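# Coordinates in review
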Amino acid sequence: TTAPEQTGTQDRKVGVSKAQDSKGALIETQPVRGTRDFAPDDYRLRQWLFGEFEAVSRLFGFEQFETPVLESEELFVRKAGEEITQQLYNFEDKGGRRVALRPELTPSLARLILAQGAGLPLPAKWFSIGQCWRYERTTRGRRREHFQWNMDIVGVPGVAAEAELLAAIALFLERLGMSAQDIVIKVSSRKVLQAILERFGVPEDAVGPVSVIVDKMEKIPLEKVEEELTELGLSKEAMDGIVAATRIGTLEELQQLLGEGNEASQELQELFSIAEGYGIAEYLQLDTSCVRGLAYYTGVVFEGRDRAGQLRAIFGGGRYDRLLSTFGGQAQPCAGFGFGDCVILELLQDKGLVPELPHKVEDLVMVLDEQLRSKAAQIAQRLRKAGRRVDLVLESKKMKWVFKQAERCGAERLIIVAPDEWERGMVRVKDLAAREEQDVAVDALLEAQ
Ligand SMILES: OCc1cccc(Br)n1
């Protein structure tokens, strides 16, 4: 079995995995299988990443929302054979309700949009970052939770919405030091499969389930894909038509296959043209094998991959114009994407782009005499209220420990509250970078930064 996929320093196992408690019984200190702890080093990296998600979302004028990780199971029960619904982390709560830990954010967005009622100004441009869950049974030791960044536009029928979303992703990648040399965004449309299935008289509502099967083409043998398509009732000709349609790599080929006036071709043509305006066209590659594994997409779909082809999809998204109406609400055109927190970190590590994010305070404050404890508290508070991060040494420590602590917390100054100096209204201040020391009047501490 492969080691559980971890990111950041989480893969560095230090300390004990089973701690000894007072009665000698063993307690498990590792998190539940498939889940991750975020100790401070990992948490700083995650906060940096989420900070970038949020910064880009705000630059695009999107508004942040949040919904509970626990949802009614009915939100995710779809009869399309998707992996995501087969791995639902679902259960019956103590009130007999069928509930589930959300496996994705889009259905919750749809629910919240519908809850706003008809008065909601459109288009709604919303974003969220939330933990998503799956109960992956296999022994592959894969994660059962990850955090996803979602941006969604509700109320815009044209591909200008998809172009805006792709531009947000491209700006995010650029801010992290990457470019179209590192990442390719494969783009296609469910309307390609829709047009093919129409030719073979397959009902339109099969597009979702067929896409779920075709999406596995990269992961399972073609025979298995054809077996599953046969089970869906597709003829051999229809299957051959589908397989041929997943091998299109240019708009010209697509037009030849579907005909000039076909909606899929026209929409993709327009998308690529708008992308030129954003300066992101070099990220985009028409690839009709990209169908995505969620049944509810109805139009453009896309996914981000590392150009080296070593990793799983970095992000994915597309248009889903029917989701709100399947929830019984007023139909609204929608487009969005989900961007996970794991593959991107693996990619940043591979490229040496993970930033150094050390623990950092400005001042370390200590006393030489416990009688002056309350004076040190006074000094620390004054500095903190002025916006300086202060680590206050809370018990009597040897200087060797204090200097080590100053290193650990990245302090710029060590402020020592000592009896003789205090008598003169002063404290001793060590500038740890310049390795200089001087006595400073307490009232001048903030000026002497
Ligand atoms: O991307 C599919 C997925 C959904 C929930 C949790 C995890 Br880990 N992965």
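Keep in mind the model is a prediction, meaning the values are calculated, not measured. (Residues numbered from 1 in each chain as written. Predicted model: local features only at pLDDT ≥ 70, side-chain atom pairs only at ≥ 80, totals over all residues. Heavy atoms only, no water.)

In terms of helices and strands, the chain carries 15 helices and 18 strands. Referenced to the eigenvectors of the C-alpha coordinate spread, the extents of the chain come out at roughly 95 × 60 × 45 Å. Counting only residues that meet the buried cut, the chain has 49% of its 449 residues in that class. The contacts of the chain with a sequence gap of at least 6 include a subset with a gap of at least 24, amounting to 66%. One finds the centroid of the 58 positive side-chain charges in the chain at a distance of 6 Å from the centroid of its 71 negative side-chain charges. (Helix = DSSP H or I, 4+ residues; strand = E, 2+ residues; numbered from the N terminus. Buried < 20%, exposed > 50% of the residue type's maximum accessible area, 1.4 Å probe, protein only. Contact = heavy atoms within 4.5 Å. Lys, Arg positive; Asp, Glu negative; His and termini not counted. Charge placed at Lys NZ, Arg CZ, Asp CG, Glu CD.)

Looking now at the packing of helix H5 (residues 190-199) against helix H6 (residues 207-214). It is the contact of H5 with H6, at a shortest axis distance of 10 Å, that shows an interaxial angle of 110°. One finds that H5 runs roughly perpendicular with respect to H6. As for the relative orientation of H5 and H6, their crossing is right-handed in sense. Here Arg 190, Leu 193, Gln 194 and Leu 197 of H5 lie close against H6, whose contacting residues are Val 207, Gly 208, Val 210 and Ser 211. Of the residues that constitute the contact of H5 with H6, the class distribution is four nonpolar, three polar and one charged. (Axes fitted to C-alpha atoms, helices over the stretch in contact; angles between N-to-C directions. Parallel < 35°, antiparallel > 145°, perpendicular 65-115°, else oblique. Left-handed = near helix turned anticlockwise from the far one by under 90°. Nonpolar A, V, L, I, M, F, W, Y, C, P; charged D, E, K, R; others polar.)

Now for the site of the ligand. Looking at the ligand, the residues that line it are Pro 103, Cys 132, Trp 133, Arg 134, Arg 143, Glu 145 and His 146. Within the side chain of Arg 134, a nitrogen or oxygen atom sits 3.3 Å from a nitrogen atom of the ligand. Looking at the shell around the ligand, the elements that each hand over two or more residues are strand S7 (124-133) and strand S8 (145-154). Counted by class, the shell around the ligand contains three nonpolar, one polar and three charged residues. (Near = heavy atom within 4 Å. Polar contact = N/O pair within 3.5 Å; in protein donor to acceptor, adjacent residues only side chain to side chain.)

Along an α-helix, residues three or four apart share an orientation, since each turn contains 3.6 residues. Of all the eight residues making up H6, eight are buried; the element is thus mostly covered by neighbouring parts of the structure. Among the residues of H6, Val 207, Gly 208, Pro 209, Val 210, Ser 211, Val 212, Ile 213 and Val 214 are the ones counted as buried. Among the structural elements, H5, helix H7 (222-231) and helix H8 (236-245) are those in contact with the buried residues of H6.

Further remarks concern the pairing of strand S9 (residues 183-189). Taken across its seven residues, S9 has seven buried, putting it largely inside the fold. Relative to strand S11 (residues 300-306), S9 runs antiparallel, the two being bridged by seven bridges. Among the inter-strand pairings, Ser 189 is bridged to a residue of S11, identified as Val 300. Bridging between S9 and strand S10 (residues 284-286) involves three bridges; their strand directions are parallel. Looking across to S10, one finds that Val 187 is bridged to Leu 286. (Pairing = 2+ DSSP bridges.)

This part covers the nonpolar core. Ranked by internal contacts, the top residues of the largest apolar core, which has 77 residues, are Trp 149, Phe 172, Leu 173, Phe 339 and Ile 344. With ten residues, the top contributor of residues to this core is helix H4 (residues 160-175). Once you skip the residues sitting within four places of it in the chain, Ile 344 turns out to touch Leu 49, Phe 172, Leu 173, Leu 176, Met 178, Ile 314 and Phe 339. Membership of the second largest hydrophobic core comes to 18 residues, among which are Leu 109, Ala 110, Val 154 and Cys 334. (Core = buried A, V, L, I, M, F, W, Y, C linked by side-chain atoms within 4.5 Å.)

Before going further, it helps to spend a moment on the sheet that holds strand S5 (residues 89-92). Pairing is antiparallel in the open sheet, where three strands are placed in the order S4-S6-S5. Where the open sheet ends on each side, the last strands, each with one partner, are strand S4 (70-72) and S5. Mean inter-strand twist for the sheet, computed between neighbouring axes without regard to direction, equals 35°. Bridge analysis of S4 against strand S6 (residues 98-101) gives three bridges, and the strand direction is antiparallel. From the neighbouring strand, Glu 71 faces S6, where its bridge partner is Ala 100.

A few words on the sheet that holds S10. Reading across the sheet, the eight strands line up as S3-S7-S8-S13-S12-S11-S9-S10 and stay open at both edges, with mixed pairing between neighbours. Strand pairing shows two members of the sheet lacking a second neighbour, strand S3 (63-64) and S10, which therefore form its edges. Sitting on the sheet, helix H3 (residues 106-116) is in contact with S7 and S8, with an inclination near 135° to S7.

Looking now at unusual backbone geometry. Following Leu 122, the chain continues to Pro 123 via a peptide bond in cis, the omega torsion being 0°. Here Pro 123 shows up in the loop between H3 and S7. Positive phi values are uncommon outside glycine, yet Arg 292 reaches one of about 65°. By the secondary structure assignment, Arg 292 is in the loop between S10 and S11. With a relative accessible area of 19%, Arg 292 lands in the buried category. Phi at Arg 435 is positive, roughly 55°, even though this residue is not glycine. Position of Arg 435 relative to the elements: it lies in the loop between strand S17 (426-431) and strand S18 (436-441).

It is worth spelling out a nonpolar patch on the surface at this point. A cluster of nonpolar residues, Val 69, Leu 70 and Phe 91, forms a patch on the protein surface that exposes about 210 Å² of accessible area. If you trace the backbone, Leu 70 turns up in strand S4. (Patch = residues over 30% accessible without salt bridge, like charges linked within 9 Å, V, L, I, M, F, W, Y side chains within 5 Å. Areas by Shrake-Rupley, 256 points an atom, 1.4 Å probe, with all protein chains shown as cover. Salt bridge = Lys/Arg side-chain N within 4 Å of Asp/Glu carboxyl O.)

To continue, consider the packing of H5 against H8. Between H5 and H8, the least distance of the axes is 9 Å, while the angle of their chain directions is 155°. Classified by the angle between their axes, H5 and H8 sit roughly antiparallel to one another. Our pair here, H5 against H8, has a crossing hand that is right-handed. For the pair formed by H5 and H8, the contact residues are Val 192, Leu 193, Ile 196 and Leu 197 on the first element and Gly 241, Ile 242 and Ala 245 on the second.

With that settled, the discussion passes to the confidence of the model for the chain. Mean pLDDT over the chain: 94, with 94% of residues reaching 70 or higher. The least confident element of the chain is strand S1 (residues 18-20), whose mean pLDDT is 61; the most confident is H4, at 99. This complex was scored by the predictor with a pTM of 0.94 and an ipTM of 0.97. (pLDDT = per-residue confidence, 0-100.)

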